[in-house]
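# Structure assessment
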Amino acid sequence: MSYNLKEELKKEERFTGGHRMCAGCGSPIAVRTVLRALNPEDKAVVCSATSCLEVSSFMYPFTAWKDSFIHNAFENAGATISGVETAYKALKKRGKIDDTYKFIAFGGDGGTYDIGFQSLSGAMERGHDMVYVCYDNEAYMNTGIQRSSSTPHFADTTTSPVGAVIPGKLQKKKDLTKIMVAHNVPYVAQTTFMGNFKDISEKAHKAIYTPGAAFLNVMAPCPRGWRYETEELMTITKLAVDTCVWPLYEVIDGKYFLSYKPKTKLPVEDYLKAQGRFSHMLKPGNEWMVEKMQEEVNRHWIDLLVLCGEK
């Protein structure tokens, strides 16, 4: 796909404004960009696990979704969209449907990394022609900023609070993107939005139009949970990529491809400074936390470079 911003912006919006997501939230930007990757003539069935996105975009009788939309339970987005895809194939085989439909599920990290992992894994293993998009805001933001398995090491949340004994979350972040690669699906990618949206737009188009199951993991910051000013959203995602905290890559039929390599890899401290959830790590006496996180980021980055065939 050759990305052309002007041409993309000419497409009709499939996720409208007027929803009730917070200013500075990454998830509606992720949704708009993914849905814009659809060809105008194609229809879509979208499902969303219970989440900030769902409760803020679909309050009966009002909806921000222009395509067919299904709200399912927290734990079964993968099962729901794979079931709809199977019904569509059966109806098309019988000649009862002529239109071309694409099937897209959206879920936050709570409904993807944790509660919905079983149904997601099953859908990926069965190879349904669908796309699962995780908008990863790294905690259960909708219910009070509780930690999830996607929450970074040392992050301050309401269930991993910073105190005299506990320095935030004690566990490291789960690497769900690589877990999805292990399902042997034809397309997996990790992305976010920065600059001209080229990376996420091209990957969304590939995911939607690659036959079989596809998975997109999109970093989608949350201003309340991450504690940054709303206008700093794009700065946060750029820092995540340039520090290699959130590297951009894709895996096509099991082969890794690096999408972006910073000219100058920034220290992880630059990323931490921009967010209140890590402010305790920068206090005197806590330098070991920053050093530990930098070691973790370096190790994962080197591992990724090797997988991508970089020297």
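This write-up is about the structure you can find in this document. In this text, all values refer to a predicted model and were calculated from it rather than measured experimentally.

Moving on: the side chain of Asp67. The residue Asp67 is located in the loop between strand E3 (62-63) and strand E4 (68-72) in this model. Looking at Asp67, its side chain comes within polar contact range of the side chain of Arg14, at 3.0 Å. Beyond its immediate sequence surroundings of up to four residues, Asp67 is in contact with Arg14, Lys43, Ala44 and Val46.

Time to look at the sheet that holds strand E7 (residues 187-191). Strand order in the open sheet formed by eight strands is E4-E1-E5-E6-E8-E7-E9-E10, with mixed pairing between adjacent strands. Each having just a single partner strand, E4 and strand E10 (255-258) make up the two edges of the open sheet. Within this sheet the neighbouring strands show an average axis-to-axis angle of 15°, counted without direction. Sheet topology places E7 next to strand E9 (residues 249-252); four bridges connect them, and they run antiparallel. Its bridge partner lying in E9, Tyr187 is registered against Ile252. Contacts from helix H8 (residues 198-209) reach strand E5 (101-108), strand E6 (131-136), E7, strand E8 (214-219) and E9 within the one sheet, and its direction differs from that of E7 by about 160°.

A large share of strand E1 (residues 43-49) lies buried, amounting to six of its seven residues. By the bridge criterion, six bridges tie E1 to E5 in an arrangement that is parallel. Its bridge partner lying in E5, Ala44 is registered against Lys102. In this sheet, E4 lies alongside E1 in parallel orientation, the contact comprising five bridges. Across the sheet, Val45 pairs through a bridge with Ser68, a residue of E4.

Attention now goes to the layout of surface pockets. With a probe scaled to a water molecule rolled over the atoms, the places where space remains empty come into view. Of the voids in this model, the largest pocket is the one considered here, and its volume is about 500 Å³. Residue lining of the largest pocket: 24 residues in total, with Lys173, Cys244, Val245, Val297 and His300 positioned closest to the centre. Those elements giving two or more residues to the lining of the largest pocket turn out to be helix H7 (176-181) and helix H12 (287-307). Take the lining of the largest pocket: its biggest share by element is six residues, from H12. Classifying every residue of the lining of the largest pocket by side-chain character gives 14 nonpolar, three polar and seven charged.

Topologically, Asp175 is positioned in the loop between E6 and H7. Of the residues examined, Asp175 reaches a relative accessible area of 27% and is grouped as partly exposed. The spatial distance from the C-alpha of Asp175 to the C-alpha of Ser150 is 7.8 Å, given a sequence separation of 25 residues.

Along the polypeptide, Val46 turns up in strand E1. For the pair Val46 and Pro152, spaced 106 residues apart in sequence, the C-alpha separation works out to 29 Å. When sequence neighbours within four positions are dropped, the list of residues in contact with Val46 reads Leu35, Trp65, Asp67, Ser68, Phe69, Ile70, Ile104 and Phe106.

Given two aromatic rings, one states the distance between the centres and the angle between the planes to describe the pair. Enumeration over the complete set of coordinates arrives at 13 aromatic pairs. When the ring of Trp65 is compared with that of Phe69, the centres are 4.7 Å apart and the planes differ by 20°; the resulting orientation is stacked. A residue is classified by how much of its surface remains accessible, and Trp65, at 6% relative accessible area, is buried. Ring geometry for Phe193 against Phe197: centres 6.2 Å apart, planes inclined by 20°, an arrangement best described as stacked. For Phe193, a relative accessible area of 0% gives the class buried. An aromatic cluster of at least three residues, connected via ring pairs, comprises Phe15, Phe58, Trp65, Phe69 and Phe106. A cation sits over an aromatic face here: Lys174 above Phe117, 5.3 Å from the ring centre. Seen from the ring of Trp226, Arg277 lies directly overhead, with NZ or CZ sitting 3.9 Å from the centre.

Conventions adopted
Residues numbered from 1 in each chain as written. Predicted model: local features only at pLDDT ≥ 70, side-chain atom pairs only at ≥ 80, totals over all residues. Heavy atoms only, no water. Helix = DSSP H or I, 4+ residues; strand = E, 2+ residues; numbered from the N terminus. Polar contact = N/O pair within 3.5 Å; in protein donor to acceptor, adjacent residues only side chain to side chain. Contact = heavy atoms within 4.5 Å. Pairing = 2+ DSSP bridges. Axes fitted to C-alpha atoms, helices over the stretch in contact; angles between N-to-C directions. Buried < 20%, exposed > 50% of the residue type's maximum accessible area, 1.4 Å probe, protein only. 1 Å grid on protein atoms, 1.4 Å probe; cavity = no way out; pocket = protein on both sides within 12 Å on 5 of 7 lines; lining within 4 Å. Points joined across faces, edges and corners; volume = space filled by probe spheres on them. Nonpolar A, V, L, I, M, F, W, Y, C, P; charged D, E, K, R; others polar. Phe/Tyr/Trp six-rings, centres within 6.5 Å; stacked < 30°, edge-to-face > 60°. Lys NZ or Arg CZ within 6 Å of the ring centre and 35° of its normal.

So yeah, pure geometry; function would need other evidence.
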